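# Reading the structure
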Amino acid sequence: MLNYYDPRKDAFSRDLGTPARLSEQQVALTIDGLEISVPEGTSVMRAAALAGITIPKLCATDNLEAFGSCRLCAVQIEGRRGYPASCTTPVAEGMAVTTQNGKLAKLRRNIMELYISDHPLDCLTCPANGDCELQDMAGAVGLREVRYGFEGANHLDAPTDDSNPYFSFDASKCIVCSRCVRACEEVQGTFALTIDGRGFDSKVAAGQDEDFMDSECVSCGACVQACPTSTLMEKSVIDQGVPEHSVVTTCAYCGVGCSFKAEMKGDQLVRMVPYKGGDANHGHSCVKGRFAFGYATHKDRIKTPMIRDSIDEPWREVSWEEAIQFSARRLKEIQARYGRESIGGITSSRCTNEETYLVQKLIRAAFGNNNTDTCARVCHSPTGFGLKTTLGESAGTQTFDSVMKADTILVIGANPTDAHPVFGSQMRRRLRQGATLIVADPRRIDLLKTPHGGRMLHLPLRPGTNVALINSLAHVVVSEGLEDQAFIDARCESGAYQAWRAFILEERNSPEALEAVTGVPADKVREAARAYAEVHNGAIYYGLGVTEHSQGSTMVMGIANLAMATGNIGREGVGVNPLRGQNNVQGSCDMGSFPHELPGYQHVADPAVRDRFEAVWKVKIDDEPGLRIPNMFDSAIAGTFKALYVQGEDIAQSDPNTQHVQAALTSLDCLIVQDIFLNETAKYAHVLLPGSTFLEKNGTFTNAERRINRVRKVMPPVAGKEDWEVTQDLANALGYPMNYSHPSEIMDEIALLTPTFTGVSYAKLEEHGSIQWPCNESHPDGTPTMHEVDFPIGKGHFAVTEYVPTEERTTRRFPLLLTTGRILSQYNVGAQTRRTANSQWHDEDVLEIHPSDAELRGIRDGDWLGVSSRVGHTVLRCRISDRMQPGVVYTTFHHPGSGANVITTDSSDWATNCPEYKVTAVQVEKVSQPSQWQQHFQDFDRRQKDYLENAGADATVNEPAPMGK
Amino acid sequence: MSGQGLEQLVKMVNQISANMHGATDEQAAEKVATHLQKFWARSMKAQILAYADDGGEDLTPISRQAVEKLREVRAAG
Ligand code: SF4
Ligand code: SF4
Ligand code: SF4
Ligand code: FES
């Protein structure tokens, strides 16, 4: 069933001309005789729009500040001379405005005539035909003749810039309204565009008058969306024409969770336009969400279920029924032979909440054990552990909008402009308003280069020394009397606080004592601590640079301690905010993916919790936690773990120590992979079940602000089934009945069993657009800011955070530290983004190395570098960069063949086994050929791809036994 | 489980012990035992208990105490 939410029917579809003003002061005026009262500071244009009166306009739009260049919006105001522009004129008490009369009509026609006289008149064949504001305005003002011909100087043969893969810039159609320039500045914060020249000669230029691709442009598309003409235009619209209907849905690329209008022609997706009504993004997006959706219709999509008896055999295409029966039979045989605990499954942080819930239910109810885990294990499991211990809930405390009230923003181990771009743009907006920025990161991230930002501090710490740094920051806060004693007394547990205070005050935690460890000068640490603690609102944002360490959990607790000690919890503008990587990391954790917790972070050992679940699931639940992913791998190699069901994850590429993972996967008797492509993991599988993309299913994602957003189906799944339907079929084949007919019914069951979700339903989501959990009796409309009155554990708990250096240390053999990260245009393992034109920005993973380390080794930019650690060896191309400090090298892991994870080790967080991706001791040297692993990878890859291509053609595979339940 | 898997478990307990703090070693061991009981799978607990029975030579002193406490918790539970 297609479930449309038609954005045309709601308030966000109208352009009110200028942005909203938030003043509490109301101002009353009349417009064309109509009385209206609006917040002070509102423009006459917006007031008119709110009163239902449309004033013609070209250069104004309601997500940009008014500029007043086209004059088309002229009005008359009683008692004032001339024809002021309504977009730049603020309302005043008692004002009487006239928007239409003969004089105004004539004025507007004259203006339009001038515009049109320098504009190609090829409307009928223009890609924006029917979707062009210039055309609309010509109609609105009643333009009937153009007295000036094209014979004078004009711009009609200005060239088109086609360099960007997703949009083109046809300068001949530009009316120099500067909306694009303002969008790039105000909305995106990149400042890539300018208006060059003056008067008639003025034109839009990217960068230093370069092609878009060569400029600083990050291809967010804000300018394309802002352009009223077809000058900046999506190539997909040029190719396919203007879309005819649209559906609001949620981006599946990152934890920001942007809302989009999927604009369609039949079941063909023409373009994605960020939705103004989306509470996470307010109408902005990045290059991934807006443009990189082509993978959904890529030829590599798996379209039929496939099975094989061993991974050295070609695939055999089969029916869904056959694939499901084959899987169920294998799983049952293995359990009969090796025991109930010999099988397990992995849920996905890319799939919906409903799908994740169903997979863990399948494991706990149909497999009869708790061997469920999720890839969030490898990114944010320490967040769950650390925040639950200190604040009592495994989630961030704020909305994204809260950052607009922060006075100091402390960013630790995160790179928002690349990994959470839309939130990065919002941060930059706040920085341009003058907030202070502190970045604690080994790399000089781009946020530090925010144009027109305020004060910026960088603490370039050594990888692996986070806890030492956070302790020294807290030491300064406590020893300099910067604590919020009233908050601590009222809100925190006193005994734990006293113990923590005594610990943190010890001299060994001072910035001076720890300078040698962190590498950050003590006076900079003191300055940063003051900048965070002395302002009214200090907000902390952190990412995987915090969690992916041997002390990831300790660091999360250290962050919570610092926020509590300074009273920066429980209101807007403050808080502790994990920036989640994949789109549904928050949701997959919430939905009970971890082996020790049922949905809603309820421990399996708690009999009261199990009782409630058992009553609804009608099955006994194991009271002991199950295996985590790394333990599953170890047990597989040991021969006690034999089968795995993996939905929408690529553990063979994303998990550390690839060779170990490959050994584990090869040891399995049955690997069932459900994915949209033949991913790296699927090459080791016996069953391949086609997955569905976010465009092909209904459900919900939960973003980093705990916001539950609807995902709506806009096209049918290529292989006929949404992912949750496949899990349901598998459960039924295993003899555990599941009979959902729509994901909304799964959500109803989640609400029934999860105390923080009791108020959530699809009906309520439809009504509110989105909901931030907890949503229950005490918070019927959800909870934008957490911990306002108390913590779920009552009082906040300070945890002692002793710094324990990681065992992953540099040695003579491995003298450099490797740290990993991601970039804007690619997503995670890259399976989706690599299959789009986004690869034009990042076609390979490279190793960034500091000039001094390079010189020492005689390495030049572009050389092939052998990178080895104690577990493996790979080869990457070199890029010399001083974003890193000497002694630290950096790479990404978006391409499987580069094998970045062949070098990362199995070191992990002590509490959660989240791998220590951010620190690996390595050596780097110049080489001339790929590593042995890479050669092996290429061979294996080629063979597996052949097996896929020849699927069904090979008759040598044994017929599986006859069907039947 | 093979030597490698066991080695990994020993490494894990010792790492937990190094990061869990209490006023006394006894308290720290208590916390480690609670952590193991709460987060480790049945098979992992069984293996580490068996390892301690066999002498558990690579366990740090706190880890050793913690495993003994884990044994008590499981006997009581
Ligand atoms: S696509 Fe984005 S970054 Fe590029 S010019 Fe347009 S607004 Fe600026
Ligand atoms: S490119 Fe579009 S938005 Fe930019 S100035 Fe020209 S017409 Fe206006
Ligand atoms: S990738 Fe993230 S920031 Fe970009 S559009 Fe999607 S949700 Fe928004
Ligand atoms: S819309 Fe007001 S001057 Fe252009």
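This text goes with the structure placed above it.
The model shown is predicted, which means the values in this text are computed figures rather than measured ones.

## Considering the overall build of chain A
For chain A, the helix and strand inventory stands at 30 helices and 35 strands. Relative to the 2.2 N^0.38 estimate, which gives 30 Å for 965 residues, the radius of gyration of chain A is 29 Å and therefore close to what a compact globule would have. Considered along the principal axes of its C-alpha atoms, chain A spans approximately 90 × 75 × 65 Å. Burial analysis of chain A (965 residues in total) assigns 65% to the buried set. For chain A, the share of sequence-separated contacts (at least 6 apart) that also reach a separation of at least 24 residues comes to 73%. Total accessible area computed for chain A in this model is approximately 33,400 Å², and 50% of it derives from carbon and sulfur atoms. The positive charge centre, built from 94 side chains, and the negative charge centre, built from 122, are 1 Å apart in chain A.

## Section: the site of ligand 2
Inspection of the region around ligand 2 gives 14 residues, with Cys-174, Cys-177, Ser-178, Cys-180 and Cys-227 of chain A positioned closest. Residues of the shell around ligand 2, tallied by class, amount to 10 nonpolar, three polar and one charged.

## Structural notes on the site of ligand 3
Inspection of the region around ligand 3 gives 13 residues, with Cys-251, Tyr-253, Cys-254, Cys-258 and Cys-286 of chain A positioned closest. Each residue belonging to the shell around ligand 3 can be placed in one class, and the counts come to nine nonpolar, three polar and one charged.

## Quick notes on the packing of helix α13 (residues 466-479) of chain A against helix α15 (residues 494-505) of chain A
All names here are of chain A. Orientation of α13 relative to α15, taken along the N-to-C sense of each, is 105°, at an axis distance of 9 Å. Regarding the angle of α13 to α15, the classification is roughly perpendicular. Facing α13, whose interface residues are Asn-471, Ala-474, His-475, Val-478 and Ser-479, α15 presents Trp-500, Arg-501, Phe-503, Ile-504 and Leu-505.

## Details of the pattern of salt bridges
Evaluated as defined, the whole model comprises 54 salt bridges over all chains. Linking Arg-71 of chain B and Asp-53 of chain B is a salt bridge whose minimum nitrogen-to-oxygen distance equals 2.9 Å. A residue pair is termed long-range when its members are at least 10 positions apart, and Arg-71 of chain B in helix α4 (residues 61-76) and Asp-53 of chain B in helix α3 (residues 42-53) qualify at 18 residues. The exposure class assigned to Arg-71 of chain B is partly exposed, which follows from its relative accessible area of 26%. With a closest N to O distance of 3.0 Å, Arg-71 of chain B and Glu-68 of chain B form a salt bridge. Within this pair, Arg-71 of chain B and its partner Glu-68 of chain B are both found in helix α4, separated by three residues, close to a single helical turn. Looking at Glu-68 of chain B, the relative accessible area reads 33%, which means it is partly exposed. Members of the salt-bridge network, linked through shared partners, are Asp-131, Glu-234, Lys-261, Glu-263 and Arg-271 of chain A.

## Considering helix α26 (residues 743-753) of chain A
All names here are of chain A. Counting buried positions along α26 yields eight of 11 residues, so the element is predominantly enclosed. Inspection of α26 places Pro-743, Ser-744, Ile-746, Met-747, Glu-749, Ile-750, Ala-751 and Leu-753 among the buried residues, and these make up the whole buried set. Contacts made by the buried residues of α26 are with α9 (353-367), β23 (602-603), α21 (607-617), β27 (699-702), α25 (723-733) and α27 (762-768).

## Section: the interface of chain A and chain B
Across the boundary between the two partners, chain A contributes 30 residues, which contact 24 residues of chain B. Summing both partners gives a buried area of about 2,200 Å² for chain A against chain B, and 51% of it is carried by carbon and sulfur. Area buried by chain A at its contact with chain B is led by Glu-624, Asp-634 and Trp-910 of chain A, which between them contribute 27% of it. Our enumeration of links across chain A and chain B arrives at five salt bridges. The salt bridge involving Arg-42 of chain B is made with Asp-622 of chain A; its shortest N-O contact spans 2.6 Å. Inspection of the chain A/chain B interface yields eight residue pairs in polar contact (both at pLDDT 80 or more). A per-element tally of the side of chain A that touches chain B places helix α22 (residues 629-638) of chain A first, with five residues.

## Describing the nonpolar core
One recurring pattern in soluble globular proteins is that nonpolar side chains are buried together. All names here are of chain A. The biggest cluster of nonpolar side chains holds 64 residues, and the ones touching the most others in it are Leu-232, Ile-409 and Val-411. Those residues in contact with Leu-232 that lie beyond four places of it in its chain are Phe-167, Ser-168, Phe-169, Cys-180, Phe-212, Cys-223, Val-224 and Cys-227. Grouped together as the second largest cluster of nonpolar side chains are 61 residues, Leu-362, Val-585, Leu-689 and Ile-708 included.

## Considerations on the environment of Val-889 of chain A
Residue and element names in this part refer to chain A. Relative to the helices and strands, Val-889 resides in strand β34 (residues 888-892). For Val-889, a relative accessible area of 0% corresponds to the buried category. Residues Val-889 and Thr-820, spaced 69 residues apart in sequence, show a C-alpha to C-alpha distance of 8.5 Å.

## Overview of the packing of aromatic side chains
Residue and element names in this part refer to chain A. Scanning the model with the defined rule gives 16 aromatic pairs over all chains in all. Residues Tyr-497 and Trp-500 carry aromatic rings whose centres are separated by 6.3 Å and whose planes lie at 35° to one another, so their mutual orientation is tilted. Within this pair, Tyr-497 and its partner Trp-500 are both found in helix α15, separated by three residues, close to a single helical turn. Take Tyr-497 and Trp-500: they sit in the same class, and that class is buried. Put simply, the rings of Tyr-166, Phe-167, Phe-169, Phe-212 and Phe-291 touch in pairs and so form one group of aromatic residues. The ring centre of Tyr-890 lies 3.8 Å from the NZ or CZ of Arg-443, which sits over that ring.

## Overview of helix α17 (residues 522-533) of chain A
Look at α17 of chain A: 16 Å from first C-alpha to last across 12 residues, which is about the 16 Å you get at 1.5 Å a residue. Among all positions of α17 of chain A, only Ala-522, Val-525, Arg-526, Ala-528, Ala-529, Ala-531, Tyr-532 and Ala-533 of chain A are buried.

## Details of the pairing of strand β10 (residues 245-250) of chain A
Residues and elements named next belong to chain A. Buried residues dominate β10, accounting for six of its six residues. Here β10 shows two buried faces, one formed by His-245, Val-247 and Thr-249 and the other by Ser-246, Val-248 and Thr-250. Of the strand pairs in this sheet, β10 and strand β11 (residues 259-265) are connected by six bridges, and their pairing is antiparallel. Residue His-245 lies in a different strand from β11, and its bridge partner there is Met-264.

## Side note on unusual backbone geometry
All names here are of chain A. Of note, the bond from Trp-773 into Pro-774 is cis; its omega dihedral lies within 30 degrees of zero at -5°. Relative to the assigned elements, Pro-774 resides in the loop between β29 (770-772) and β30 (816-821). Non-glycine residue Ser-219 carries a positive phi angle of around 60°. Along the chain, Ser-219 turns up in the loop between β8 (203-206) and α5 (222-226).

## Let's talk about the side chain of Lys-697 of chain A
All names here are of chain A. With respect to the element layout, Lys-697 can be found in the loop between β26 (687-690) and β27. Given the relative accessible area of 2%, Lys-697 is considered buried. There is a polar contact of 2.7 Å between the side chain of Lys-697 and the side chain of Asp-723. Sequence-distant contacts of Lys-697, that is, excluding residues within four places in its chain, are made with Cys-351, Thr-352, Glu-355, Ser-692, Val-711, Arg-712, Lys-713, Glu-722 and Asp-723.

## Re the pairing of strand β7 (residues 193-196) of chain A
Residue and element names in this part refer to chain A. Across four bridges, the pairing between β7 and β8 is antiparallel. Looking at β8, one finds that Asp-196 is bridged to Lys-203. What sits between β7 and β8 in their antiparallel hairpin is a turn of six residues, with Gly-197 showing a positive phi close to 75°.

## Things to note about the sheet that holds β29 of chain A
All names here are of chain A. The strand order across the open sheet built from three strands is β27-β28-β29, with neighbouring strands paired in antiparallel fashion. For this open sheet the edge positions go to β27 and β29, each flanked by a neighbour on one side alone. The sheet shows a mean angle of 30° between the axes of neighbouring strands, direction not considered. Along the sheet face, α9 touches β27 and β28 (707-711) and points at about 95° away from the line of β27.

## A look at empty space enclosed by the protein
Residues and elements named next belong to chain A. Per the stated rule, a full pass over the model turns up 10 cavities of 30 Å³ or more. The calculated volume of the largest cavity comes to roughly 550 Å³. In terms of lining, the largest cavity is formed by 37 residues, of which the most central are Leu-544, Gly-545, Thr-820, Gly-821 and Lys-918. When contributions to the lining of the largest cavity are tallied by element, the ones reaching two or more residues are α18 (544-547) and β30. Among the elements that line the lining of the largest cavity, the one with the most residues is β30, at three residues. Split into classes, the residues belonging to the lining of the largest cavity amount to 15 nonpolar, 15 polar and seven charged.

What counts and how
- Residues numbered from 1 in each chain as written.
- Chains lettered and ligands numbered in written order.
- Predicted model: local features only at pLDDT ≥ 70, side-chain atom pairs only at ≥ 80, totals over all residues.
- Heavy atoms only, no water.
- Helix = DSSP H or I, 4+ residues; strand = E, 2+ residues; numbered from the N terminus.
- Rg over C-alpha atoms; globule rule 2.2 N^0.38 Å.
- Buried < 20%, exposed > 50% of the residue type's maximum accessible area, 1.4 Å probe, protein only.
- Contact = heavy atoms within 4.5 Å.
- Areas by Shrake-Rupley, 256 points an atom, 1.4 Å probe, with all protein chains shown as cover.
- Lys, Arg positive; Asp, Glu negative; His and termini not counted.
- Charge placed at Lys NZ, Arg CZ, Asp CG, Glu CD.
- Near = heavy atom within 4 Å.
- Nonpolar A, V, L, I, M, F, W, Y, C, P; charged D, E, K, R; others polar.
- Axes fitted to C-alpha atoms, helices over the stretch in contact; angles between N-to-C directions.
- Parallel < 35°, antiparallel > 145°, perpendicular 65-115°, else oblique.
- Salt bridge = Lys/Arg side-chain N within 4 Å of Asp/Glu carboxyl O.
- Buried area = accessible area lost by both parts, 1.4 Å probe.
- Polar contact = N/O pair within 3.5 Å; in protein donor to acceptor, adjacent residues only side chain to side chain.
- Core = buried A, V, L, I, M, F, W, Y, C linked by side-chain atoms within 4.5 Å.
- Phe/Tyr/Trp six-rings, centres within 6.5 Å; stacked < 30°, edge-to-face > 60°.
- Lys NZ or Arg CZ within 6 Å of the ring centre and 35° of its normal.
- Expected span 1.5 Å × (residues − 1).
- Pairing = 2+ DSSP bridges.
- 1 Å grid on protein atoms, 1.4 Å probe; cavity = no way out; pocket = protein on both sides within 12 Å on 5 of 7 lines; lining within 4 Å.
- Points joined across faces, edges and corners; volume = space filled by probe spheres on them.

None of the figures reported here should be taken as evidence of function without further support.
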